[in-house]
Every structure is written in C-alpha cells, then in structure tokens.
Amino acid sequence: MTTTISPSPVRRSVTVKAAPQRAFKVFTAGFSSWWPKGHSIGSVPQKTATIEPRVGGRWYETGEDGSECPWGDVIAWEPPQRILLAWRIGADWKYDPKLLTEVEVHFVPLAEGGTRVELEHRLLENMGDKADETAAMLGSEGGWGGILVGFGAAADAAA
Amino acid sequence: MAYDYSQIAALADPTRRTIFERVAQRPCSVAEITRTLPVSQSAVSQHLKVLKEALLVRMEPQGARNIYHIDPAGLGRMRAWLDRLWAEALDEFRLAADRPEDDSIKEDRENET
C-alpha cells in the first residue's frame with residue numbers, strides 16, 4: 001500500500017557570485033543577516049535567528065524580548081558543501097521535537113566561478129503524519145463530510 | 001476552523017464534488033474516475049484542475065499515468081507557504097552573499113591561507 005498523503009518536496013535554487021566557502025558562511029553564520037524578519041514563528045517579533053555551527057547544533061530564533069523559539073537542529077554539518085537541517089515546525093506553526101522535516105542545502109561550485117545553492121525541504125508528509133486523524137476528520141461530520149453538507153444546504157438555499 | 005472560500009467554491013459543482021469524494025476514498029487516475037462517471041475524460045481533467053488549484057487534490061505522475069490524491073486542508077497551503085518562504089529567503093540570501101565582503105561575516109578570514 002502506498003501512502004495516500006505525500007506532498008512533493010519544496011525545491012529552490014539560487015546562484016551567487018560568492019565562492020562556496022563564503023556562501024556557506026553567509027547561509028549559516030550570517031543566517032540572521034538575510035532571513036526575512038517577518039517570518040518569525042515565535043509570538044514576539046524576531047530579533048535574530050541562529051544556526052549553531054555543528055552537528056546537533058540548535059536552529060532557533062530569538063525574540064526582541066530575549067525569548068528563544070526553537071525551529072529545529074543541525075543534522076549534518078559539512079562546510080562548505082552541504083548542510084542538513086531538521087525543521088520541526090508543523091502545519092500548526094508549533095515546534096514539535098518529534099516532527100522531522102528536512103532542509104538540505106548543497107553549495108555547488110560553478111566552473112565560471114560562483115556557487116549554485118540548491119535547497120530542498122522534504123518529508124513534508126510528516127506534517128500530515130496525523131494521516132489517520134486526517135482521514136477520520138475527512139470522513140467525520142466536522143470534516144469534509146460536514147462541510148459538503150453545509151455547502152449543499154447553502155447552495156440549495158441560494159438557488 | 002476557517003476554510004478557504006476557494007475550496008468551498010471548488011466543490012460547488014456536484015460532479016466535482018463526486019470526483020473529490022472518489023479521490024478521497026483512494027488515489028486514482030483520470031481514466032479510473034471517468035469510468036465510474038457519465039462524463040468525458042476531458043471534463044474530468046478540467047474538474048481535477050480546479051480541485052488542484054484549490055489545493056484539494058494533488059497529482060503525482062506514476063509511469064505514464066497521473067494519480068490524484070487528496071491534499072488535506074492545511075498541508076497544501078503549508079507547502080505553498082514554504083515554497084514562497086524559501087523563494088523569498090533565498091533572494092535575500094543571494095543579496096547577502098554577493099554583498100562586498102567587508103561586512104559582518106568574516107570572523108575566520110584569518111584562518112584562510
């Protein structure tokens with residue numbers, strides 16, 4: 001039996017003029033310098049975001065009030081070629097230490113100079129790991145079944 | 001819990017609703033869906049396209065066929081959000097990486113030979 005729910009990974013790449021060494025450094029040590037500030041997970045505005053430079057290192061954001069909000073951790077640390085991060089924020093926007101989705105970043109040197117940075121965010125299906133619950137929800141009155149009934153009633157009333 | 005109006009709208013059509021319910025039962029191909037309905041395969045494809053755009057179903061190629069699966073509410077949107085997030089983040093990253101090197105991140109320049 002195949003799994004019913006498995007979204008394809010998010011894949012993005014970007015080419016920079018910098019060599020892999022610098023690209024890796026900017027990506028990791030300089031994470032806070034480029035990460036869009038608006039995308040904070042915590043309840044307070046984000047001041048900095050950090051990737052600790054080692055396997056097992058934490059990946060977290062620090063709010064303006066000094067509070068820390070974990071995002072995940074470092075699974076593989078291979079400067080300047082590759083970094084593998086665990087992103088443990090679920091579809092409910094909460095950190096869940098048991099949730100594993102992976103963000104893998106490759107820094108590929110280009111013959112003409114510069115680096116292609118290839119990012120893949122995968123195992124997104126784990127966010128739907130409550131697949132049983134989802135299936136139950138879909139079948140229940142509060143789920144699609146109920147929504148469809150409600151919709152049918154609204155559509156009929158409008159007709 | 002709030003649902004996207006677009007998703008409800010996508011299910012407005014009774015045939016589309018039947019197709020969605022069929023896909024919710026188990027993943028299937030356009031041909032399989034068409035066989036059980038009194039509509040043409042191209043009509044089924046059109047309906048699936050609308051369902052796909054509303055993030056209700058998603059498509060996965062399997063050999064020569066495309067298999068449709070349900071996309072549980074939230075998951076499709078989460079994926080779309082992550083896709084946009086990484087696009088935006090990598091743009092920012094590119095600017096930072098290509099900025100002249102006299103800024104912040106140079107603590108171990110002296111280690112380089």
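**Student:** Can you lay out the packing of helix α2 (residues 14-25) of chain B against helix α4 (residues 41-53) of chain B for me, pointing to particular residues and giving the numbers?
**Tutor:** Residues and elements named next belong to chain B. Across the interface, α2 lies against α4 with an axial gap of 10 Å and an inter-helix angle of 75°. Taken together, the axes of α2 and α4 are roughly perpendicular relative to one another. Two secondary-structure elements touch here, α2 through Thr15, Arg16, Ile19 and Phe20 and α4 through Val44, His47, Leu48, Val50 and Leu51.

**Student:** Hey, could you go over unusual backbone geometry for me, with residue numbers and the actual values?
**Tutor:** For the bond from Pro79 of chain A to Pro80 of chain A, the omega torsion is 0°, close enough to zero to count as cis. Relative to the helices and strands, Pro80 of chain A is located in the loop between β4 (68-78) and β5 (82-87).

**Student:** Tell me what's going on with the sheet that holds strand β6 (residues 101-109) of chain A, and back it up with residues and numbers.
**Tutor:** All names here are of chain A. Pairing is antiparallel in the open sheet, where 7 strands are placed in the order β1-β7-β6-β5-β4-β3-β2. Each edge of the sheet is formed by a strand with only one pairing partner; in this case those strands are β1 (10-16) and β2 (46-51). Strand-to-strand twist across the sheet, computed as the mean angle between neighbouring axes with direction ignored, equals 20°. Strand direction decides the pairing type here: β1 and strand β7 (residues 115-122), joined by 7 bridges, are antiparallel. Bridge pairing in β7 places Arg12 opposite Leu119. This element, helix α1 (residues 20-28), spans β1, β2, β5, β6 and β7 of the sheet and lies at about 150° to β6.

**Student:** Any details on the sheet that holds strand β2 (residues 57-62) of chain B? Residues and values, ideally.
**Tutor:** All names here are of chain B. Taken together, 3 strands build an open sheet; the order of strands is β1-β3-β2 and the sheet is antiparallel. Each edge of the open sheet carries a strand with a single partner, namely β1 (28-29) and β2. Relative to strand β3 (residues 65-70), β1 runs antiparallel, the two being bridged by 2 bridges. Looking at the pairing, Ser29 lines up with Ile67 of β3. Packed onto the sheet, α2 meets β1, β2 and β3 and runs at close to 90° relative to β3.

**Student:** So what's going on with the nonpolar core? Residues and values would help.
**Tutor:** Within soluble globular proteins, side chains that are nonpolar tend to cluster in buried spots. By size, the foremost hydrophobic cluster in this structure holds 27 residues, and its most contacted members are Ala23, Val26, Val105 and Val117 of chain A together with Phe93 and Ala97 of chain B. If you list the elements that add at least two residues to this core, you get β1, α1, β2, β5, β6 and β7 of chain A together with α5 (75-98) of chain B. No other element matches the 6 residues that α5 of chain B contributes to this core. With residues near it in sequence (within four places) discarded, Val117 of chain A still touches Ser13, Val14, Val16, Ala23, Val105 and Phe107 of chain A together with Leu90 of chain B.

**Student:** Give me the confidence of the model for chain B: which residues, what numbers.
**Tutor:** Mean pLDDT over chain B stands at 78; residues scoring 70 or higher make up 76%. Predicted confidence in chain B is weakest over helix α1 (residues 5-10) of chain B, with a mean pLDDT of 65, and strongest over helix α3 (residues 30-35) of chain B, with 93.

**Student:** Residues and numbers for α4 of chain B, please.
**Tutor:** Residue and element names in this part refer to chain B. Its 13 residues place the ends of α4 18 Å apart at the C-alpha level, agreeing with the 18 Å of an ideal helix rising 1.5 Å per residue. Taken residue by residue, α4 has Val44, His47, Leu48 and Leu51 as its buried positions. Axial view of α4: buried residues confined to an arc of 100°, hence all on one face. α4 presents Ser42, Lys49 and Glu53 as exposed residues on the side facing more than 90 degrees away from its buried surface. In the stretch just after α4, Leu55 is the one whose phi turns positive, near 60°.

**Student:** Provide a residue-level description of the confidence of the model for chain A, including the pertinent values.
**Tutor:** Low pLDDT marks stretches whose predicted atomic positions should not be read closely. Residue and element names in this part refer to chain A. Averaged over all residues, the pLDDT of chain A equals 78, while 70% of them reach at least 70. In this model residues 1-5 is a low-confidence stretch, pLDDT under 50, and it forms 12 contacts with partners more than four residues away in sequence or in other chains. Low pLDDT, under 50, characterises residues 130-159; the predicted model gives this stretch 22 contacts beyond four residues in sequence or across chains.

**Student:** Can you break down the environment of Glu52 of chain A residue by residue, with the values?
**Tutor:** Residues and elements named next belong to chain A. Take Glu52: it is sitting in the loop between β2 and β3 (58-63). On the basis of neighbour counts, which here come to 14 C-beta atoms within 10 Å, the residue Glu52 falls in the partly exposed class. Each C-alpha atom of the pair Glu52 and Trp77 lies 9.9 Å from the other, and the pair is 25 residues apart in sequence.

**Student:** Outline the pairing of β7 of chain A, listing residues and values.
**Tutor:** Residues and elements named next belong to chain A. Where burial is concerned, the two faces of β7 differ: the one with Thr115, Val117, Leu119 and His121 is buried and the one with Arg116, Glu118, Glu120 and Arg122 is not. Summarising the sheet, β6 and β7 pair through 8 bridges and their orientation is antiparallel. Bridging across to β7, Val108 finds its partner in Arg116. Counting the residues in the hairpin turn of β6 and β7 gives 5 residues, including Gly113, whose phi is positive at 95°.

Rules used throughout
Residues numbered from 1 in each chain as written. Chains lettered and ligands numbered in written order. Predicted model: local features only at pLDDT ≥ 70, side-chain atom pairs only at ≥ 80, totals over all residues. Axes fitted to C-alpha atoms, helices over the stretch in contact; angles between N-to-C directions. Helix = DSSP H or I, 4+ residues; strand = E, 2+ residues; numbered from the N terminus. Parallel < 35°, antiparallel > 145°, perpendicular 65-115°, else oblique. Contact = placed C-beta atoms within 7 Å. Pairing = 2+ DSSP bridges. Core = buried A, V, L, I, M, F, W, Y, C linked by C-beta atoms within 7 Å. Buried ≥ 20, exposed ≤ 12 C-beta atoms within 10 Å, placed from the backbone. pLDDT = per-residue confidence, 0-100. Expected span 1.5 Å × (residues − 1). Arc of directions from axis to C-beta.

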